[in-house]
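Below, each chain spelled out in residue letters.
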Amino acid sequence: MRILGIETSCDETAASVVRDGRVIESSVVASQADLHRRFGGVVPELASRKHIERLLPVIDEALEKAGVTLRDLDALSVTCGPGLVGALAVGVAAAKSLALSLDLPLVGVNHLEGHIYAAFLTEPDLAFPALALVVSGAHTDLVAVSDHAQYRTLGRTRDDAAGEAFDKVARAMGLGYPGGPEIDRLARTGDPRTVPLPAPMPFRRRSGRIDDSLEFSFSGIKTAALRALHAAARADGQFKADLAAGFQRVVVDVLVDKSMRAAQSLGVKTVMLVGGVAANTWLRAEMQRACAAAGCRLVVPPPSLCSDNAAMIAAAAFYRLRRGGGSDLGLGASSDLSLEQTPNNSLA
Ligand code: KG4
Ligand code: ZN
């Protein structure tokens, strides 16, 4: 089964052809980072307009790279939420038009589910039950995955997402956009112990009482990092590297700590680390170390499948279709969609 995936939930216009949920025949991602860079973040209206301009050429390129035509497709899939509603609407309209004109099945995919299925592109024989840490510019969710499309969110961020905190701290330091990769790079030359920063919503409270919450909060650490930056007598290159290293270390520590607590309490032996922030080298290394110590198998996609792409959307759609799921032409874009709700998708 050959599925075309379309992803336009934020600032990447992406299309991909995936066979049987596992073979990526093509994956084209047109980033809008250059467009949004001067604003220091994504401007929703500009993103929607750019998607309109780029989506059809990106789909053409994906088909061409896969060496197929529209006639060779068996289904269409598209991110229907969560994300920027105007941006999502562009992809949903395109997918519905193609499904109608080609008379093919349509699958609306939850963006977070897409990120989780990037792990299946990496390890098709991934076993359930598993734990997924979905960590991106908009989400920090710990999810129990008991089977295909069976999700239970155990905890999420109460304020900023981890990626958002990376981006905001990077912006204040005058680094480029998106900021996560910049902090990752700068942190390599920094000493994480130089600038003391508080742990963001740690598992164990200072009083010694165990706080078993799997919720996250990153706005406090973001503010602490910004204060340290403004209070520095000389915010030179080395200071920024030290701050980047310290900030990254406390964020990674809490992500790894809560993931391992969750895996332990669920009794699962498979951990998936997915989403844009999963490209972070320190997070990958620390999660690998913690999983090895706990006897868990870590599945983390290559960086190109961590950040937004359409291959993960087509992969998720394959597993839904295989179980009799799918959407009708009433499919809409939804800015706020949890993993547990998949509107317009019936799942046998
Ligand atoms: O999944 P994604 O491409 O888009 C969303 O769904 O949000 O994630 C983008 C986020 C941005 O906040 C970006 O700064 C962050 O992922 N990111 C990183 C790294 N690469 C991307 N954060 C930390 N370290 C990285 N290497
Ligand atoms: Zn994403």
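Scoring rules and cut-offs
Residues numbered from 1 in each chain as written. Chains lettered and ligands numbered in written order. Predicted model: local features only at pLDDT ≥ 70, side-chain atom pairs only at ≥ 80, totals over all residues. Heavy atoms only, no water. Helix = DSSP H or I, 4+ residues; strand = E, 2+ residues; numbered from the N terminus. Buried < 20%, exposed > 50% of the residue type's maximum accessible area, 1.4 Å probe, protein only. Domains from an automatic or database assignment. Contact = heavy atoms within 4.5 Å. Buried area = accessible area lost by both parts, 1.4 Å probe. Salt bridge = Lys/Arg side-chain N within 4 Å of Asp/Glu carboxyl O. Polar contact = N/O pair within 3.5 Å; in protein donor to acceptor, adjacent residues only side chain to side chain. Nonpolar A, V, L, I, M, F, W, Y, C, P; charged D, E, K, R; others polar.

Caption draft 1: Spotlight on unusual backbone geometry. Of the consecutive residues Gly-81 and Pro-82, the connecting peptide bond is found in the cis state with omega at -10°. Here Pro-82 shows up in the loop between strand 4 (75-81) and helix 3 (85-102). Here Tyr-177 and Pro-178 are connected by a cis peptide whose omega angle stands at -5°. Summarising the element assignment, Pro-178 is placed in the loop between helix 5 (162-172) and helix 6 (179-187). One non-glycine residue, Asp-103, lies in positive phi territory at about 55°. According to the relative accessible area criterion, Asp-103 is exposed, its value standing at 69%.

Caption draft 2: Representation of the domain arrangement of the protein in the model. Considered domain by domain, the protein is made up of domain 1 (2-116 + 306-322) and domain 2 (127-302). Distance from the C-alpha centre of domain 1 to the C-alpha centre of domain 2: 27 Å. Facing 18 residues of domain 1, the contacting portion of domain 2 comprises 20 residues. Across the interface of domain 1 and domain 2, roughly 1500 Å² is buried in total on both sides, 68% from carbon and sulfur atoms. At the boundary of domain 1 with domain 2, the tally comes to zero salt bridges. Inspection of the region where domain 1 meets domain 2 yields six residue pairs in polar contact (both at pLDDT 80 or more). Looking at the side of domain 1 that touches domain 2, the elements with two or more residues in it are helix 1 (33-37), helix 4 (111-122) and helix 11 (311-322). When its residues are assigned to classes, the side of domain 1 that touches domain 2 shows eight nonpolar, five polar and five charged.

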